[in-house]
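# Residue-level structure breakdown
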Amino acid sequence: MRPLAHSETLGKTMRGNAISRHRLTAFAAVVLGLAVLAPANGQQAWRRVGDSWVRVYSGSIPATARLRVRGHGPVTVAAGTGREISYSVTVSVIAPSAARAQLAVNQQPIRVETDGDWAVLSTPGGSALSTVVIHAPRLSGLAIGTTNGAVDAKNIDGSIDVNTGAGEVSCDRIRGDCSLVTGGGDIHVGEVSGSLRCGTKGGHITVKSVRGPAILATDGGDIEALQAGGSVNAQTVAGSVHIGSANGAVDAATGGGEIVVDKSSGIVTARNLGGPVEVGAAAGIRCESHSGGVRVNNITGAMRVTTSAGSIFASVLGSRWSDSFLSTGNGDITVVIPSNVGVNVRAVNMMTDNVRRIVSDFKQVQTRFRGSQLVAEGAINGGGPLLQISGMGGTIFIKKQ
């Protein structure tokens, strides 16, 4: 056997070292794979739940004024308790083994960072679903952004900003401005001290109390706001709208469903493509209904009400009342006028041959035919702003209160 050359000896040695390193790496990988099955740093071990592997991570963050959560699943935040921010993140991964589940988490691990007076908690995403529960001391600000999942936040001393790709959103006892957006799901609001903005691609919106102005929008669902300290803008593509009390103007619209405003200190603007409109009290009314009756009471300002099909009932209140117009394409019109409101009436009932299609409690209002139209005009209670009434086929009633 011939002796090996120096170069051959060196090459053989390097190949041997490479094989040894490969075996050591493989061994380390096996050890690492087993390690993820056991608790580390006080965390729970991975456990099998159905097709998923689940593990709970918990920890704490020194108290900060504001908190931001970047999530990939449901998020719950309750503030006003404890001296530090404590969190629990339940991670669920569909994987064949705990090692593979841990590998998915390692690609996007839990991170805690600070940005000025903000604490930032980021949770695993991708193939992992992370459910976050946080208990925090008093917070002057909260921002939650999650790709998917319900959000629940309570007892925040300042503003709150929530955006979820899909899921129900709930908040209560928010002492600042509030913005809640979901790609699909109901929105429930308790008490908000500032302004409120809600938007959902499909779901109901319910609000107990907001002190500032409110903007409420859904692509499909009912809207209910019981009490608002400012103006209210409520828009739904299909669903009902109910505003209890608003200390400001109300702008409400729906593609199908009833609109009800119990009381507004401002002007109510209502647009309804397929349903009735009812206003209990307002400083004025602007209403357009394509199909549905309109009932407005205790209106202290101008009225402009039109409906293509449906009856109109309107009662006037106070001395600030001004020029108004009521019109229906098919239905009756009833106007109630109190004794302290002066008005000039001009009522026209088109395409009728019956003089009884305009009925007035006021002898000052005189009725006569003008071609195919029945016209009634007169000054009530000494006259005042002009009230124009236009009907077709139904009956116009002008009544004393």
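Here, the structure is the one placed above.
Residues numbered from 1 in each chain as written. Predicted model: local features only at pLDDT ≥ 70, side-chain atom pairs only at ≥ 80, totals over all residues. Heavy atoms only, no water.

## A short note on the pattern of salt bridges
We count it as follows: By definition here, a salt bridge exists when the distance from a side-chain nitrogen of Lys or Arg to a carboxyl oxygen of Asp or Glu is within 4 Å. Helix numbering and strand numbering both begin at the N terminus, where a helix is a DSSP run of H or I of at least 4 residues and a strand a DSSP run of E of at least 2. Burial classification: accessible surface area is computed with a 1.4 Å probe over protein chains only, and a residue below 20% of its type maximum counts as buried, one above 50% as exposed, and the rest as partly exposed.
Following the criterion strictly, the structure yields 9 salt bridges and no others. A salt bridge links D157 to R138; the nearest nitrogen and oxygen atoms lie 2.6 Å apart. Separated by 19 residues along the polypeptide, D157 in the loop between strand 10 (151–156) and strand 11 (159–164) and R138 in the loop between strand 8 (128–136) and strand 9 (141–146) bring together distant segments of the chain. We note a salt bridge from K154 to D152, for which the minimum N-O separation is 2.8 Å. According to the relative accessible area criterion, D152 is partly exposed, its value standing at 23%. When salt bridges that share partners are traced, they join R138, D157 and R175 into one network.

## Quick look at the pairing of strand 13 (residues 178–182)
For the record, the criterion: The pairing criterion is simple: DSSP has to find at least two bridges between the two strands.
Where burial is concerned, most of strand 13 is hidden: 4 out of the 5 residues are buried. Note: strand 11 against strand 13, 5 bridges, orientation parallel. Paired with D161 across the strands is S179, a residue of strand 13. As defined by bridge partners, strand 13 adjoins strand 15 (residues 196–200) across 5 bridges and the pair is classed as parallel. Within the sheet, the bridge partner assigned to V181 lies in strand 15 and is G199.

## Here we look at the side chain of S52
Convention followed: Contacts: residue pairs with any heavy atoms within 4.5 Å of one another.
Note that S52 resides in strand 2 (residues 52–62). Non-local contacts of S52, meaning those with residues more than four positions away in its chain, are made with R47, S92, V93 and I94.

## Some words on the environment of S308
Structurally, S308 is set in the loop between strand 27 (303–307) and strand 28 (312–316). Its relative accessible area of 44% is what places S308 among the partly exposed residues. When the C-alpha atoms of S308 and G331 are compared, they prove to be 8.9 Å apart, with 23 residues separating the residues in sequence. What S308 contacts, discounting residues up to four positions off in sequence, is S289, H290, G329 and N330.

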